[in-house]
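So you can see what is in the structure, the chains are spelled out below.
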Amino acid sequence: QVQLVESGGALVQPGGSLRLSCAASGRIINIKSMGWYRQAPGKQRELVATISSSNTNYADSVKGRFTISADKAKNTVYLQMNSLKPEDTAVYYCNVVDRKFPGVEYAYWGQGTQVTVSS
């Protein structure tokens, strides 16, 4: 199967920036999309941003502050986070959707990296 390893989470002050990375390895056939999700204490996991060959999408709460990008040759996805707010504090998870066969797709998740925004 596919393994995802995230890195880059840290403690940062409000208004600061962080860059998250996620490297995928294993039996990758044809990546359909990659993305980032987050889960804050006491809340459900939510979509942050996704990227495919044709489009990028962002949650309204991060639009204009976060930027998702990918290096297809390295099977790596990044999340540049600027103007961070305390509300951004959460565990951030990497997601990859891989098309194994026509009409058959699998979703993989990383173990998560902690982002804490506090003064």
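Worth saying up front: this structure is predicted, and the values here are computed from it rather than measured.

(A) Quick peek at the pairing of strand β5 (residues 46–52). The pairing of strand β4 (residues 31–39) with β5 spans 6 bridges and is antiparallel. Across the sheet, Tyr-37 pairs through a bridge with Leu-47, a residue of β5. Joining the antiparallel neighbours β4 and β5 is a turn of 6 residues, in which Gly-42 adopts a positive phi near 75°. Looking at chain direction, β5 and strand β6 (residues 56–58) are connected through 3 bridges and run antiparallel.

(B) Focus on the pattern of salt bridges. This structure, assessed with the given rule, holds 7 salt bridges. Ionic pairing is found between Asp-88 and Arg-38, a salt bridge with its closest N-O pair at 2.9 Å. Here Asp-88, found in the loop between β8 (76–81) and β9 (90–101), pairs with Arg-38, found in strand β4; they are 50 residues apart in sequence, far enough to count as distant. Residue classification places Asp-88 among the buried positions, given a relative accessible area of 1%. By relative accessible area, which is 6% here, Arg-38 ends up buried. Of the charged contacts in the structure, one is a salt bridge between Asp-88 and Arg-65, with a shortest N-O distance of 2.8 Å. Of the two residues, Asp-88 is situated in the loop between β8 and β9 and Arg-65 in the loop between β6 and β7 (66–71); the sequence distance between them amounts to 23 residues. Connected via shared salt-bridge partners are Arg-38, Glu-46, Arg-65 and Asp-88.

Calculation rules
Residues numbered from 1 in each chain as written. Predicted model: local features only at pLDDT ≥ 70, side-chain atom pairs only at ≥ 80, totals over all residues. Heavy atoms only, no water. Pairing = 2+ DSSP bridges. Helix = DSSP H or I, 4+ residues; strand = E, 2+ residues; numbered from the N terminus. Salt bridge = Lys/Arg side-chain N within 4 Å of Asp/Glu carboxyl O. Buried < 20%, exposed > 50% of the residue type's maximum accessible area, 1.4 Å probe, protein only.

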